[in-house]
Protein chains: 2
Amino acid sequence: MNPPARDPFMQAAIDEAMAGLAEGSIPIGSVLVLDSRIVGRGHNRRVQRGSVILHAEMDAVENAGRLRAGDYRRAVLYSTLSPCEMCSGTALLYKIPRIVVGENRTFRGPEEYLRSRGVVLEVLDDPECVRLMEQFIRARPDLWGEDIGE
Amino acid sequence: MNPPARDPFMQAAIDEAMAGLAEGSIPIGSVLVLDSRIVGRGHNRRVQRGSVILHAEMDAVENAGRLRAGDYRRAVLYSTLSPCEMCSGTALLYKIPRIVVGENRTFRGPEEYLRSRGVVLEVLDDPECVRLMEQFIRARPDLWGEDIGE
């Protein structure tokens, strides 16, 4: 029996995470969706660019370019992993109203704070997202710790 | 009578803000200080690079490169303006324990949230920081609104 079809935007975020993994980096991916269309794709660039701010969500938002305030307020941010404080803060800055999260078992950002600020947060608990992170954390605990300031 | 001497790190942040203004962009500057030494300097790059994530504080943290977790936990982040949700979240991610703010009259980020999370936030109420922002907001309300998602 086939598994249930995955949300295509979460699949695009997973594709980004896989691209990051293939580059020897952290397998977290993200897409920013506006009016049912992907306007920004991103994955963590810590290793590739020596960046400490280009988490997947930051990369996706950056790659979407300079949107209008009203665009962000209709957008949905997809991420394979529960967004950290930085990425959550970025969603709050631009008033992105909805975040769809692949999983929050291996890391959990300030989800309650986001909800208290009115953000709708949906956690899919996708086994592929969990598997990617579990394998990565086991293989590279040092790099993972660095990425979350630990 | 001369005005009282300014904290040299806040002066460095103001110098960054002035550099941004000279580039036709948003006059907000920041430095990251570690063990009484500037390890990262930055200013807002929205206009110069079309960046929606390179606020001054993000630029300073990014330019400091990949520090160790223990380094961030001894660092001080200086900014000419009260940090927004994104920049505040970045300080929380890396557990930067202290933030020195030029002013919070023209914009106020989530200062109470930062304090509730244990960050020591000091607001200098520096007239030069206020003047820079007041002039800029008057001249470019559109650009300023864009930078804070409004």
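As the structure is a prediction and not an experimental result, all values here were calculated from the model.

To continue, consider the nonpolar core. One recurring pattern in soluble globular proteins: nonpolar side chains tend to sit buried together. Ranked by size, the top nonpolar core spans 72 residues in total, and within it Trp 144 of chain A together with Trp 144 of chain B carry the most contacts. Residue contacts for Trp 144 of chain A: discarding those within four places in its chain leaves Ile 26, Ile 28, Leu 81, Phe 107, Met 133, Phe 136 and Ile 137 of chain A.

Turning our eyes to something else, we now look at the interface of chain B and chain A. Taken together, the 34 residues of chain B in the interface contact 34 residues of chain A. Between chain B and chain A, the buried area comes to about 2800 Å², and carbon and sulfur atoms account for 57% of it. For Arg 66 of chain B, the salt bridge goes to Glu 146 of chain A, with nearest N and O atoms at 2.7 Å. On inspection of chain B and its partner chain A, the count reaches 19 residue pairs in polar contact (both at pLDDT 80 or more). Of all the elements in the fold, those that place two or more residues in the side of chain B that touches chain A are α2 (46-49), α3 (56-63), α4 (69-72), α5 (85-93) and α8 (141-147) of chain B. With 6 residues, the single largest contributor to the side of chain B that touches chain A is α5 of chain B. Of the residues belonging to the side of chain B that touches chain A, the class tally is 17 nonpolar, 7 polar and 10 charged.

This part covers the pairing of strand β2 (residues 37-43) of chain B. Residue and element names in this part refer to chain B. Strand direction decides the pairing type here: strand β1 (residues 29-34) and β2, joined by 6 bridges, are antiparallel. Along β2, the bridge assignment pairs Val 33 with Ile 38. Between β1 and β2, which pair antiparallel in sequence order, lie 2 residues; one of them, Asp 35, sits at a positive phi of approximately 50°.

Least-squares fitting of chain B to chain A yields an RMSD of 0.0 Å, with the transformation described by 0.0 Å of translation along the axis and a rotation of 180°. On the angle and the small slide along the axis, the relation comes out as a two-fold axis. Comparing interface residues between copies, 100% of those in chain B also sit at the interface in chain A, which points to an isologous, same-surface contact.

What counts as what
- Residues numbered from 1 in each chain as written.
- Chains lettered and ligands numbered in written order.
- Predicted model: local features only at pLDDT ≥ 70, side-chain atom pairs only at ≥ 80, totals over all residues.
- Heavy atoms only, no water.
- Core = buried A, V, L, I, M, F, W, Y, C linked by side-chain atoms within 4.5 Å.
- Buried < 20%, exposed > 50% of the residue type's maximum accessible area, 1.4 Å probe, protein only.
- Contact = heavy atoms within 4.5 Å.
- Buried area = accessible area lost by both parts, 1.4 Å probe.
- Salt bridge = Lys/Arg side-chain N within 4 Å of Asp/Glu carboxyl O.
- Polar contact = N/O pair within 3.5 Å; in protein donor to acceptor, adjacent residues only side chain to side chain.
- Helix = DSSP H or I, 4+ residues; strand = E, 2+ residues; numbered from the N terminus.
- Nonpolar A, V, L, I, M, F, W, Y, C, P; charged D, E, K, R; others polar.
- Pairing = 2+ DSSP bridges.
- Least-squares fit on C-alpha atoms with pLDDT ≥ 70 in both.

None of this, on its own, says anything about what the molecule does.
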